[in-house]
Amino acid sequence: MSATAVTAARHLRPTKAAPRILRPLPLSEKRLPVPHVNVILRDTHSCRLADHYYHTVRDDLMYMTYTHEPHPRKPPRKIRPTYDPNDPYTKHRFNPPIGGPTWSKQPPPPTTAENVVKLERIQLHCMVKEAISSKSQLLGAIMAFRAISGESAGAGGRRTSEGVQIVRGKKQIGGWIRQGVPVGVKVDLKGPKMWDFLGILVECVLPRLREFSGVPMEGPSVALSTPASASGVVSFGLPPEAMALFPQIEVNQDAYSRMYGMHIHFITNAEGMGARNRVRQLLSGFQIPFARK
Amino acid sequence: MLPRNALSACSRRTPTRLWALSRPLATEAAATEAAKPSSSTLPPHPPKQRRPKPVINTGIILNRSPLITREPTLFEQAYHAYQARIQRALFNPFPDEFYFKPGTILEERFKKEEEEREREAFGPPRKAAASKDSAFTESESKSASESSENQSDNVDEPMPRVSEADKKGDVRSLDRRMDRNLYLLVHAKDQKGKPRWRFPQGGREHGELLHEAAKRDLFAECGDHMDAWIVSRNPIGVYEPPLPADTEAEVIPKTYIFFYKAHILAGQVQPDGKNILDFAWLTKEELESRVDKEYWLAIKDILSDF
């Protein structure tokens, strides 16, 4: 028995060949057979890093982020809106509270076992400047992102899995970008693929990256209430050399025209002041190093 | 759960206002009551003995987190196998000409492994198709099995999930029960000299913060031949040992043990052998049989089930 048979998943009943198809299935527009039911693919294996999160990191994070609040919190201060809401002259105007938006100045919600910081998705993003002049320059980046992420649109019958998406220019900025022109690619990783990507990043890519001291982190003087500090997202960039270190790319690196750098965003459920610091605590539980600038 | 004076012992300065608040407030009713006995002589109050300040101790729940993934249950295994078959039946065809140069050894090996995975998922190929060229498939399968035997030497076998310590039943080893959270219990003499199983614990010096005391106590009892990390500055649980049922119980101060969570990162426990007689790394279920019942009730909810 070879190694593949040993590691293969266990069946409760002996497998046998699929039954013969007597009446052929209806075909879709792409000439593919359409099954009688909506098939949705779920987890095919238990995930190592997800296990690590649920058995070790989550408990520790709850203890680390807990603040003892024996008394109920004070109700938030009522801030006067810019215009009098009862004045018929200004009734339908946009009427924000004075002093700008306050979402980033809210204190974090009390820590409970339910709202411990949790990784929701990882987004990879790459801008290809040459694609402004010729769209075909995006193809290499699309292939590389497909290989790294393993995601494809509607994969496993799930509508929410969007695969590798093309990013278009939002604004017309003279000499740099035009509106609606494809300029980059991005992909959202969720579920087991997200944990697999995190494991590969930490074990194969970051240790072999040259001159990498850690994900840069600003000093302690930065206020906790800035939008970046309170948004619950940690982002960093990887140089083009790093793409060649992903094992999915490494096996046939010469099939790609060139290597691309990428931005990685770790998007979590953390909110309130200092949310980014809590995300850093979460990520260091997966051995992502952080270093002061 | 905790009386007020237990918490006051935590703070560095004892607040004087607590004493002031314990006096009755100066209301009119109190004033009239107070006026009555003042006319007659005061009955001699027996000198009431106040219970001394409670003692705050720290206990450390030293944890070795799982080293390998949990063994899936029978149901999970069947579920994953079923989903893997769906995936194999429906996924996009693998672009092998993109990843392998045609005619290479690597490609041949991949195709053989892929065939075997296909057979594992869907069983042997259908009989009608097989009967056409049965002789050919038989000879091919023979050669395939021979070549797979030859190749099996090259493929790395995974490490066993059961370690030497599991086979020997060595509870002191950190390699035992690799898929579970383990906790350190020490076999220590209590005040009467009777040995008991408990978590490492210790006292707190004057002016010392609790989490600092926890770190000091851990190394004091378990030796400094290990690298350990106290997870947070907050305690994760509290235990109040029962007072001895004596008449003198009023004089004995209450004791509170605040538990802190810690992880062992390297090294091993090396107790001095004077007060600590033995130690063991145990899972939650194994722990129950060793500790006292009251101790178990206090700690069972702060330990991990996995």
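As a reminder, the structure under discussion sits directly above these lines.
Residues numbered from 1 in each chain as written. Chains lettered and ligands numbered in written order. Predicted model: local features only at pLDDT ≥ 70, side-chain atom pairs only at ≥ 80, totals over all residues. Heavy atoms only, no water.

(A) Molecular detail of the overall build of chain B. What chain B contains, in helices and strands, is twelve helices and eight strands. The buried share of chain B, reckoned over its 306 residues, is 31%. Counting only carbon and sulfur atoms, one obtains 55% of the accessible surface of chain B, whose full area is about 20,400 Å². (Helix = DSSP H or I, 4+ residues; strand = E, 2+ residues; numbered from the N terminus. Buried < 20%, exposed > 50% of the residue type's maximum accessible area, 1.4 Å probe, protein only. Areas by Shrake-Rupley, 256 points an atom, 1.4 Å probe, with all protein chains shown as cover.)

(B) A look at the overall build of chain A. The number of helices and strands found in chain A is eight helices and seven strands. Here the contacts in chain A between residues at least 6 apart in sequence split such that 70% fall between residues at least 24 apart. As presented, chain A carries roughly 18,400 Å² of accessible surface, and 55% of it is formed by carbon and sulfur atoms. (Contact = heavy atoms within 4.5 Å.)

(C) Examining the sheet that holds strand β6 (residues 262–268) of chain A more closely. Residue and element names in this part refer to chain A. Spatially, the five strands line up as an open sheet ordered β2-β3-β1-β6-β5, and their pairing is antiparallel. Here the strands that pair on one side only, and so sit at the sheet edges, are β2 (164–168) and β5 (233–238). Between one strand and the next, the sheet's axes are offset by a mean angle of 25°, whatever the strand orientation. Looking at chain direction, strand β1 (residues 119–127) and β6 are connected through six bridges and run antiparallel. In the sheet register, Q123 faces β6, and the bridge partner there is H265. The sheet contacts of helix α8 (residues 275–284) involve β1, β5 and β6, and relative to β5 the element is tilted by about 60°. (Pairing = 2+ DSSP bridges. Axes fitted to C-alpha atoms, helices over the stretch in contact; angles between N-to-C directions.)

(D) Fine view of the nonpolar core. Residues L201 and L238 of chain A are the most contacted members of the largest nonpolar core, which totals 55 residues. Setting aside residues up to four positions removed in sequence, L238 of chain A forms contacts with L201, V205, L206, L209, F246, G261, M262 and I264 of chain A. Residues L218, M226, V238 and W281 of chain B belong to the second largest nonpolar core, which totals 25 residues. (Core = buried A, V, L, I, M, F, W, Y, C linked by side-chain atoms within 4.5 Å.)

(E) Up close: the packing of aromatic side chains. Inspection of every chain in the model, using the stated rule, returns 15 aromatic pairs over all chains. Taken together, a centroid distance of 5.8 Å and an interplanar angle of 15° make the contact between F197 of chain A and F246 of chain A stacked. One end of the pair, F197 of chain A, is in helix α4 (residues 191–205); the other, F246 of chain A, is in the loop between α6 (240–243) and α7 (247–250), and 49 residues separate them in sequence. Site record: aromatic cluster; members linked through ring pairs are Y256 of chain A together with F94, F98, Y99, F100 and F110 of chain B. Here the basic side chain of R290 of chain B rests over the ring of W197 of chain B, its NZ or CZ set 4.9 Å away from the ring centre. (Phe/Tyr/Trp six-rings, centres within 6.5 Å; stacked < 30°, edge-to-face > 60°. Lys NZ or Arg CZ within 6 Å of the ring centre and 35° of its normal.)

(F) Just the pairing of strand β1 (residues 55–64) of chain B, in detail. All names here are of chain B. Where burial is concerned, most of β1 is hidden: nine out of the ten residues are buried. Both β1 and strand β7 (residues 255–267) contribute to a ladder of nine bridges, which runs parallel. Directly across from T58, in β7, lies its bridge partner F258.

(G) Structural view of the interface of chain A and chain B. The partner chain B presents 44 residues to the 43 residues of chain A that form the contact. Of the roughly 3,600 Å² buried where chain A meets chain B, counting both sides, 58% is carbon and sulfur surface. Linking chain A with chain B are one salt bridge, by the criterion used here. Linking chain A to chain B there are seven residue pairs in polar contact (both at pLDDT 80 or more). Going through the elements one at a time, α1 (3–7), α2 (48–65) and α3 (138–149) of chain A are the ones with two or more residues in the side of chain A that touches chain B. If you tally residues by element for the side of chain A that touches chain B, the top one is α2 of chain A, at eight residues. Residues that form the side of chain A that touches chain B fall into these classes: 19 nonpolar, twelve polar and twelve charged. (Buried area = accessible area lost by both parts, 1.4 Å probe. Salt bridge = Lys/Arg side-chain N within 4 Å of Asp/Glu carboxyl O. Polar contact = N/O pair within 3.5 Å; in protein donor to acceptor, adjacent residues only side chain to side chain. Nonpolar A, V, L, I, M, F, W, Y, C, P; charged D, E, K, R; others polar.)

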